[in-house]
Every structure is written in structure tokens, then in C-alpha cells.
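Now for the letters of each chain:
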Amino acid sequence: MSGLMLVFLVVLIFVVLYQVARSSEMVAQIQGEQQFDKKRNKILGFSMLILMIAFFVGIVWCHEYMLPLMGPEAASNHGVQYDFMFKVTLWVTGIVFVLTQVLLFWFCFKYQRNGDKAPVFFAHSNKLELIWTTVPAIAMAVLVAIGLKAWFTMTGEAPKGAMQIEIVGKQFNWISRYPGPDGELGKKYFLNINDKDNLLGQDWTDKRNMDDIIIPNGELRLVKDVPVELIIGSRDVIHDVGLSHFRMKMDAVPGITSRIWFTPTITTAEMKRKTGNENFVYELSCDQMCGKGHYSMRAVVVVETQAEHDKWLKEQKSYYVQNHPEEFPAEAPIVAPVDSSKKITMNK
Amino acid sequence: MSNEAAIHTDVHTHDSHGHHDDHAHHEHKQHFITKYIFSQDHKIISRQFLITGIFWAIVGGLMSVFFRLQLGFPEQTFKVLTMFLGDWAHGGKMDPEMYYGLITIHGTVLVFFVLTGGLSGTFANFLIPLQIGARDMASPFLNMLSYWFFAIAGVIMFSSLFITTGPASGGWTTYPPLSALKEASMGSGLGMDLWLVSMALFVVSSLLGGLNYIVTILNMRTKGMSMTRLPLTIWALLFTAILGVLSFPVLLSAAVLLLFDRHAGTSFYLSEIYVAGKALPNVGGSPILYQHLFWFLGHPEVYIIMLPAMGMASEILATHSRKPIFGYFAMILSLIGITLLAFLVWAHHMFVTGMSPFLGGVFVLLTLLIAIPSAVKVFNWLTTIWKGNIRFTVGMCFALGFVSLFISGGLTGLFLGNSALDIHLHDTYFVVAHFHIVMGISAFFGMFAGIYHWFPKMYGRFMNNTMGYIHFFITFVGSYVIFWPMHYEGVAGMPRRYYDFSNWESFKQFGELNQMISIAAIIVFIAQLFFVFNYFVSIWKGKKVTDPNPWQSNTLEWTTPIKPGHGNWDGEIPEVHRWAYDYKDDGNGGDFIPQHIPLKEGEESH
């Protein structure tokens, strides 16, 4: 009922406004169209000037409001390069933006029709066209040069000795896999996948798989200043590994393996101090529409020191061992089960 | 002229009445159904496109209000959601499935049904014959079919909103495998089939229309109307049609292959998938293939939307500045440049799919090249109004607003087109802000400019000015308020297509801002209803047009009677003697010389 009232109210307002608007046109007829048009043109020309001032004041105000809400500085080597490039692009576009918008609104105000001057017949000028073809072309060349340089570093081969971690998306969470002591990830095949004891479809005939560690909630443990290469895949639909603090992103496509690498430069603990936010955490977000749980597809990224990382790694049991404890009777009790939601009995 | 004979009878009827404006008499002979429903008159068809477009704009806009309610107020419940969405919003809280359905259909209908069908469908139909001096399209019958395929596509899309598994919900790009597997999402069931069929029919409609527009422009110009005398609207509509004819079939192929994958067991887009507890047999396909096919249309589509708006803005800016458009040939060249480049930049939507970095580099270069013709256009528009005599009609206000928005949205394209920046900004709110400003709002501004400007020709009445100005100011300010802050959210990495941000440490600080954006979106939506109200009331109650050329414009449509019948001109079609932009002293105190006025002795043609 209240909805109907609302609709009724809106229609009523429309009708009233329309009547007011019509009567203003009647006034025009009484005053004489031309006189009225002249007055209106003057008001509108002036409003364009007001609009411009409001526009720029609004931009500054918005900037002031947003600045404290923006995330912290980039936390990776590529991110620093990104931030620099962003600034250059912002300056180039910013200058063009202010220049053209000011001209647009200023011309509106300045060259409004007021009846005492004739417009200039000015239909073309090759000189002007040449200027505003070449200047943008040069600016674009600069942006492309800076951009491609950064792009080829970011997408180039990962440095030797980079840590490798596999990250796989599925509806609606991430799964990460670490190579274990042998430093190599074993083969996998999608037909082997089952949610009970082979999340990624590892091929158990490949011995390299035996020590691989799987974290079913997709947590990424990275080491400060050690390059990391992410091997990205998907089990079902397209997902996207979005690492906004590191300014990196790559799709996870079923049937295709994609890769990115970067070097984290700030640990989680350092970032907590820098931001003064006790709850600060690096997050991995799914950035490609993947279904109804898309918005909840989150994983935590921890950047730590080498010592912390080694300690953590030592506490982990390989996925195979976790799922086949009977084959490893001599194993010492495992410190922490990785995924508490899965009821895996680790101890005999 | 193939349709000359068909319309000839009409023209004779006019002649026998002696060139008076008594069309009423003549039009009574036609039955309501042939005159208004299955009409072959390009002017009626254009109004059909426009009104259908308005319907879809309201539907798509309302959807955005609904999902903005969710985004701005994720904790609250709204009765109005249950009222419209029923069980999809149980207890006033929108279901995520429905949220994704709404953003998908919002995108689809606004891009295709409103800004393609509603924009070029309306103005190509209306302006091409009138401005080139033809009695109708080359094939009025195909033209009518074009509208009816569009209408059926719309009916199918609309019906998908009412099925139990909901409409397609994989985003307007409907990437497989999500859109291919009904196990992956509820919307990938019947809703997706309806989406694909609807799009296929839309492609048919667009091809019938586009071929017609091209043929008409190339073959049916009146005597003296050489290509270099065409108004820029026609040039823009010509390139729009060429873009559509060359790229829409690729979308059709993408849709057909997707239908095969869904129902015929093929593996064009599917490989190595484990979904809903079982592994699928498909091996060897590539989901990336779909993205290539989709964006091969998808990117030209952006220009299919933008070019008509650019053309109309050029025409309106010149008319109401009382100055010739600056750099007519540069404008045409930049249109050609944009059209060519439009086909060579599609993969900039795919920088983060793992594509070859070298290929990515090539696409960066080509993408940023587009900035050059775009910049030329902007500077030419600015020079057009420089030292003009600007009359702020409502149409002119919207054309000026178009330029402002095109600048703002175009410049952010330089961030996204540069792959190293796109790595971070891809699929964040920065993208949302960019494309809504540049191809959403600014194209809408071009469309509004066109509607206010040519409404007198369409209906023989004016739209109400005061309401028009209110509409302009609310929409202009509101659009910036909605989309400007979204750039910041995107720079902070906030992903698009999220139903709720409250569990994210990195993005939840924008809650208050999202509320403000939602409120602004609702106000802007109501302002659009205000426009719709003005539009329909003015058809019957608007101030009558008394001067056949109310804007003192040069182009041929203003030489027709105030309410032209089928065939447009009562007698002979006027001959053209000059270009469309002779806004100069006519020697009798006027400041314009229409195209059909012969050159004076010693006067040089442009």
C-alpha cells in the first residue's frame, strides 16, 4: 500500500512540475518569446559557469574524502612500478582533463548568444588539426613506451630461484599447493579429482606429488623479498586471482595454466604497523564473475620472513600423508590439522 | 530508387491536394495497424525503436536501482524488492542469484536494446532518409522486419525474467564455462538459452537494419548531395552500420557455438572441468576462444554506441553555436580512424587471461592509438563552440554535457588500455566507472540531445523546456556523483560484480560511499522517469511547432512539412547545393543558409 502511495506521490509531483513548467512557457508567450529566450539563455550560460565551479570543487572534496580510505602503498616490486606509471598517466590525463573541461564550460559562458555580436565563420585550419593530432600522438607514444616496459617486466619469466606455489580456483574458494621439500609440484589430471581425498586431481604415480602440501582454504604464505611465481588454474569455471595490494591479477581458466610472478616487499606485520590497523590482512579476491558465491571467494595472503616461513612449512604435512595416514605409521603426531572443517583423523 | 514506386501513390495523393499540410486526410486512408504497428514508414519505425528503447531503459534502470539498494544497504531489507522480485527477495533481502541475474540483464539490455537498438535504431531510421533527401529506406520492408526482430528479441529476453531458474546471470559478457554449464549456476539453465536466442534475433535485427542504412546512404542521396556534403550525423551512422554489419555476425557465431556446447555435447569452450561433484568428458576446447569472439563484437559495439552520439552532438553543437562544425574533413577522418581501429583492439579486454605478452603489447599500442582520433574530435567540438553564439536549448545542453562526459570517460580509457595498469584495474570499479561514463552516460547524453533536438520533427510539437533543463542538470550532476567516486574504489582494487563487500577487510571501508552512490542513483533514475513523462505528455500536449525550421538549421529534414507524411516531401525532393554547415551571413540578416539554397554568384562552395 505504501508503495502505491509512493508511486502516486511521484506522479503527482511530475504533474505539478509539468504544470509549473507549462506556465513558465505561457509567461514566455506573454513576455514575448524572444525577450524570454534571451533571459533564459543568460541564466543558462551563467549556470554553466556555476556548474564548472561546482564540478571542480566537488572533485577536490571527493579527493579529500577518499584519500584516507584508499589502500596502503604497493607491497610488491611490480606494484611500485605500477604506482609510478599510474602517477604519470594521472598527470598526463589530468592536465588534458582540466584544460578541456575548463575550455568547454568557459566557452559556454563566454560565447552565449546575447545578440550583440555575430559568430565567427571558422570552418577549418590544417595547422590546428596538425597540432592536436601530433601532440596526443606524442603523449600516447610516451605512455605506450612506459607501459610496455613495465608490462614486459611484469609478464616476463620469473627469476631463477623463485618460490613456486600453485593456486587453483573452484566454486567458491581457492586451494593452494606448495611443492614440499623436493621443490617441485607433481602432475595432476582433472579426472582424478574428488572432493574426499584428491582436491586437485594429483597423479599419485608421480612421486613428486607425495610431499606436496595442500591448503584447502587457499592461504598463500609468501616470503618478503623472495620472488614468488604463482601457477594458476581452475577446476570449474573462470576465476581470477586478484591481489590488489600487490597490484597483480591473472585469470584462472579451466584447461589452461597461467602464471604470474612478483616479489612481495612488505610483510603483513610491517603493514599492520604502517597502516596502524591491527586487523590489516592481505586478501586474494576472485575478480572474474564465477557464480552466486563470487563475492565470497576470498583467501588470505600472509607475507612473512624466511624464518617464519620455514617454521610454518615444517609444521605442514603433505596432502598424501594426511589422506593416507595408514601408510605412515611411524609419523609423529601432526601439530595442526590444516583444514578444521575436514574431519581427517591424523593420529592413530 | 527502389521504393520510389511504392511510395509514389502516396506522393500523388499529396499532389492532388495541392501541397498543403492536410496529411490528416491522406493518413486516414491507412488502417491503424499498417500505419502505426506494421508500418514501413521509416519515421514510424524510428519511433517504434525509440519507445521500445525507452521501455527497456526503464526496465534496465529499475534493475540498477534494485541492485544499488543491495550494494548501498547490504544489511537492510526492502519491501519493494519482494514486491517486484517475489521469492527472489524473500523477506526483502535480494538473493545473490537474482543480484547476478539483474546485473546481467541490466548490462545486456542497456548495451544492446537501449544504446544499440534504441539509439541507432531510432536515429538511423529517422535521420538517414530525412537528411540525405530520400523518401524512405532502400527497403522499407526489411526495415520493418528489423524492428520486429528487435521486438521479438525483447519479448524473449523479458520472458526470461519470469522463469523459475531465473534469467542469465553470468554477467553481460556471459563467459563460458559459467554460462555453458547449468551445474555451475542457476541462471545458466533455461535463462541462458533464452538469452542466447534473444541475442541471435537481435543480431538479425541489427543486420537487417545496418545493411539497409548503408545501402540507403550510398545510393539514395538526393541530387547534389555528394558524400562530402552529408551532415556528420549521416557519416557517423554510416560507420556505425558498417561496424555492426562486420562484427555482429561474430557474436552470432559465438552464441551458436555456445548453444552447441550447452546442448550438443561439443567442446568448443570446454576443457578439463570438474563441477558439482563430477568430471565432465569435454577436453580440448578453450574458454578464451569465446572471449575473442565476444570481444571482436564487444569492442566495436562500444563504437556502435558512441558514433551516433558523436554524430548527433556534432550536428547539434554546430546548429546551436550558429557556427560551422570545425574541421569537417578531420571529423570524417577521425570517424574512419575510429572505425578501423575499433576492429583491432578487442583483446585489450583480455590482458589478464594469460595471453601472450607480445600480443598484449601490440594491443596496447593499437588501443592507445584510438585516443588520437578521439582527441581530434574533442578539440574540434571545442573549437566549434569557440566564438560561437551559443543558444542553450535543452538539446544543446545535453550535447555539451556529452562532450564533458566523453572527455572524462575517454581519458580513463588511457589507464585501462595500458596493460601494465590494467593488471591492477581490470574488473574493478574503475572499469565500471570508465565505461558507464564514456559509453553509458555520454551515449545517453547524445541520445537525449537527439531526442530533444528532433522531437519537433518527430511529433510536430516541442518537449517542455523547463522540464528538460531540470532533467539535464539532475542527470549531469547525478552521473558524476555516481561514477566519479567509483574510480577511487577501483584504484583501491574493489572488484566489480560483488554482491556484498562487508566481509572484506580491504574494501569494507567504502560502505558509506556506496550508500551515497545508491541514493544518487535512485534520484537520477527518478529524473529519467521525469523525462519519460515529459516525452509522452509532450506528444499530445507539447507546444505546437509553427515554424518548419524551428532551430534555423541547414539540413534537409527541416525543409519537409511540419508533420511529414510517408514520402517526406510533398512535391519534389529538394536539390542540394552546399554542405550542411553554412552557418554564416545570408546577406539578409540571417545567420544560416540551408543546404537546398543555390550558391550565390561568386560564392565558393565549401
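The rules behind these values
Residues numbered from 1 in each chain as written. Chains lettered and ligands numbered in written order. Predicted model: local features only at pLDDT ≥ 70, side-chain atom pairs only at ≥ 80, totals over all residues. Heavy atoms only, no water. Helix = DSSP H or I, 4+ residues; strand = E, 2+ residues; numbered from the N terminus. Rg over C-alpha atoms; globule rule 2.2 N^0.38 Å. Buried < 20%, exposed > 50% of the residue type's maximum accessible area, 1.4 Å probe, protein only. Contact = heavy atoms within 4.5 Å. Areas by Shrake-Rupley, 256 points an atom, 1.4 Å probe, with all protein chains shown as cover. Lys, Arg positive; Asp, Glu negative; His and termini not counted. Charge placed at Lys NZ, Arg CZ, Asp CG, Glu CD. Pairing = 2+ DSSP bridges. Axes fitted to C-alpha atoms, helices over the stretch in contact; angles between N-to-C directions. Buried area = accessible area lost by both parts, 1.4 Å probe. Salt bridge = Lys/Arg side-chain N within 4 Å of Asp/Glu carboxyl O. Polar contact = N/O pair within 3.5 Å; in protein donor to acceptor, adjacent residues only side chain to side chain. Domains from an automatic or database assignment. Left-handed = near helix turned anticlockwise from the far one by under 90°. Nonpolar A, V, L, I, M, F, W, Y, C, P; charged D, E, K, R; others polar. Core = buried A, V, L, I, M, F, W, Y, C linked by side-chain atoms within 4.5 Å. Parallel < 35°, antiparallel > 145°, perpendicular 65-115°, else oblique. Phe/Tyr/Trp six-rings, centres within 6.5 Å; stacked < 30°, edge-to-face > 60°. Lys NZ or Arg CZ within 6 Å of the ring centre and 35° of its normal. 1 Å grid on protein atoms, 1.4 Å probe; cavity = no way out; pocket = protein on both sides within 12 Å on 5 of 7 lines; lining within 4 Å. Points joined across faces, edges and corners; volume = space filled by probe spheres on them. Expected span 1.5 Å × (residues − 1). Bend = angle between axes of the 7 residues up to and from the residue.

Bringing the overall build of chain B into the picture now. The helix and strand inventory of chain B stands at 18 helices and two strands. A compact globule built from 606 residues would reach a C-alpha radius of gyration of about 25 Å, and chain B, at 25 Å, matches this within 12%. By principal-axis analysis of the C-alpha atoms, chain B measures approximately 80 × 50 × 50 Å. Split into buried and exposed, the 606 residues of chain B put 71% on the buried side. Considering only residue pairs separated by 6 or more positions, chain B has 78% of its internal contacts joining residues 24 or more positions apart. Element-wise, carbon and sulfur atoms account for 68% of the exposed surface of chain B, whose accessible area totals about 18500 Å². Where the 31 positive side-chain charges of chain B centre and where its 36 negative ones centre are 4 Å apart.

To continue, consider the overall build of chain A. Summing up its helical and strand segments, chain A has seven helices and ten strands in all. The C-alpha atoms of chain A give 31 Å as radius of gyration, which overshoots the globular expectation for 348 residues (20 Å, by more than 25%). When its C-alpha atoms are laid out on the principal axes, chain A stretches across 100 × 65 × 40 Å. Residue pairs in contact within chain A that sit at least 24 positions apart in sequence constitute 69% of those at least 6 positions apart. Accessible area of chain A: about 17500 Å², with a carbon and sulfur share of 64%. Taking the 36 positively charged and 36 negatively charged side chains of chain A as two groups, their mean positions are separated by 8 Å.

The next thing to look at is the sheet that holds strand E6 (residues 239-243) of chain A. Residues and elements named next belong to chain A. The strand order across the open sheet formed by five strands is E4-E10-E9-E6-E7, and the pairing between neighbours is mixed. What marks the edges here is a single partner per strand, and that holds for strand E4 (220-223) and strand E7 (248-252). Each strand of the sheet is rotated relative to its neighbour by a mean of 25°, with strand direction disregarded. The sheet contact formed by strand E9 (residues 282-286) and strand E10 (residues 298-304) spans four bridges and is antiparallel. Its bridge partner lying in E10, Glu283 is registered against Val300.

Another point: the interface of chain A and chain B. Tallying the contact residues gives 111 residues for chain A and 131 residues for chain B. Around 10600 Å² of area is buried between chain A and chain B when both sides are counted, 71% of it from carbon and sulfur atoms. Its largest share of buried area at the contact with chain B, chain A owes to Tyr18, Trp151 and Tyr295 of chain A, together 8% of the area lost on that side. On the surface where chain A and chain B come into contact, there are one salt bridge. For the salt bridge of Asp591 of chain B with Arg113 of chain A, the shortest nitrogen-to-oxygen distance reads 3.6 Å. In this assembly, chain A and chain B are joined by 27 residue pairs in polar contact (both at pLDDT 80 or more).

Moving on, we come to the domain arrangement of chain A. Residues and elements named next belong to chain A. Each assigned domain of chain A is listed with its residue range as follows: domain 1 (37-112 + 127-156) and domain 2 (163-327). Every contact between the two is made by 13 residues of domain 1 and, on the other side, 15 residues of domain 2. Between domain 1 and domain 2 lies a buried interface of about 1100 Å² when both sides are counted; carbon and sulfur atoms form 58% of it. When the buried surface of domain 1 facing domain 2 is broken down by residue, Pro72, Ala75 and His78 rank first, second and third, together holding 44% of it.

Moving on to the side chain of Thr89 of chain A. Looking at the element boundaries, Thr89 of chain A is found in helix H3 (residues 77-110). Owing to a relative accessible area of 1%, Thr89 of chain A belongs among the buried residues under this scheme. In this structure Thr89 of chain A touches Gly94 and Leu143 of chain A together with Leu414, Phe415 and Leu421 of chain B, once residues within four positions along its chain are discounted.

This brings us to the side chain of Ser188 of chain B. Residues and elements named next belong to chain B. Its place among the elements puts Ser188 in the loop between helix H7 (140-159) and helix H8 (190-219). The exposure class assigned to Ser188 is buried, which follows from its relative accessible area of 4%. A polar contact is formed between the side chain of Ser188 and the backbone oxygen of Leu178, at a distance of 2.6 Å.

All names here are of chain A. According to the stated counting rule, one finds 28 salt bridges over all chains in the structure shown. The partner of Asp195 in a salt bridge is Arg235, with the nearest N and O atoms 3.0 Å apart. Of the two residues, Asp195 is situated in the loop between strand E2 (173-178) and strand E3 (213-215) and Arg235 in the loop between strand E5 (228-234) and E6; the sequence distance between them amounts to 40 residues. By relative accessible area, Asp195 is classed as partly exposed at 33%. Taking the relative accessible area as the measure of exposure, Arg235 reaches 5% and is therefore buried. A salt bridge links Glu229 to Arg259; the shortest N-O distance between them is 3.5 Å.

Residue and element names in this part refer to chain B. The interhelical angle for the contact between helix H4 (residues 42-72) and helix H16 (residues 429-459), taken along N-to-C directions, is 145°, at an axis separation of 13 Å. In the crossing of H4 with H16, the sense of the turn from one axis to the other is left-handed. When H4 is examined against H16, the residues Ser46, Arg47, Leu50, Ile51, Ala57, Arg68 and Leu71 are found in contact with a partner set consisting of Tyr429, Phe444, Met447, Ile451, Met458 and Tyr459. A per-class count over the contact of H4 with H16 returns ten nonpolar, one polar and two charged.

With that out of the way, let us pick up the nonpolar core. Counting residues in hydrophobic clusters, the biggest one holds 296 residues, and the most contacted among them are Leu230 and Leu243 of chain A together with Phe112, Trp381, Phe402 and Tyr535 of chain B. When residues of this core are assigned to domains, at least three fall in each of domain 1 (37-112 + 127-156) and domain 2 (163-327) of chain A. Excluding residues that lie within four positions of it along the chain, Tyr535 of chain B makes contacts with Leu50, Ile51, Ile54, Ile451, Phe455, Tyr459 and Met463 of chain B.

On to the packing of H4 of chain B against helix H18 (residues 511-541) of chain B, then. All names here are of chain B. Where H4 meets H18, the closest approach of the two axes is 9 Å, and the angle between their N-to-C directions is 160°. When the interaxial angle is binned, H4 and H18 end up roughly antiparallel. Handedness of the crossing formed by H4 with H18: left-handed. Seen from H4, the contacting residues are Leu50, Ile51, Ile54, Ile58, Gly61, Leu62, Val65, Arg68, Leu69, Leu71 and Gly72; seen from H18, they are Gly511, Asn514, Gln515, Ile517, Ser518, Ala521, Ile522, Phe525, Leu529, Val532, Tyr535 and Phe536. Each residue belonging to the contact of H4 with H18 can be placed in one class, and the counts come to 16 nonpolar, six polar and one charged.

On to the packing of aromatic side chains, then. Tallying each qualifying case throughout the model produces 94 aromatic pairs over all chains. Their ring planes at 65° and their centres at 6.2 Å tell us that Phe445 of chain B and Phe472 of chain B sit as a pair that is edge-to-face. In this pair, Phe445 of chain B is assigned in helix H16 and Phe472 of chain B in helix H17 (residues 465-491), connecting sequence segments 27 residues apart. Measuring from ring centre to ring centre gives 5.1 Å for Tyr535 of chain B and Phe536 of chain B, while their planes differ by 80°; the resulting arrangement is edge-to-face. Classification of Tyr535 of chain B by relative accessible area gives buried; the value is 0%. Overall, Phe536 of chain B belongs to the partly exposed group, its relative accessible area being 27%. Stacked on the ring of Phe462 of chain B, the Lys or Arg Lys543 of chain B has its end atom at 5.2 Å from the ring centre. Looking at Lys584 of chain B, its charged tip hangs above the ring of Phe121 of chain A, at a distance of 5.5 Å from the centre.

Let us look at empty space enclosed by the protein. Residues and elements named next belong to chain B. Under the counting rule described, the total for this entry stands at nine cavities of 30 Å³ or more. Of all the elements in the fold, those that place two or more residues in the lining of the largest cavity are H4, helix H6 (96-132), H16, H17 and H18. Element by element, the count of residues in the lining of the largest cavity is highest for H16, at twelve residues. Residue classes in the lining of the largest cavity are distributed as 32 nonpolar, twelve polar and three charged.

Moving on to helix H10 (residues 287-321) of chain B. Residue and element names in this part refer to chain B. For H10, spanning 35 residues, the distance from its first C-alpha to its last is 50 Å, which sits close to the expected 51 Å at 1.5 Å a residue. Roughly 30° is the biggest bend found in H10, and it falls at Trp295. Of all 35 residues making up H10, 32 are buried, and the element is well covered by its neighbours. With a side-chain oxygen lying 3.1 Å from the backbone nitrogen of Ile288, the N-terminal cap of H10 falls on Ser286.

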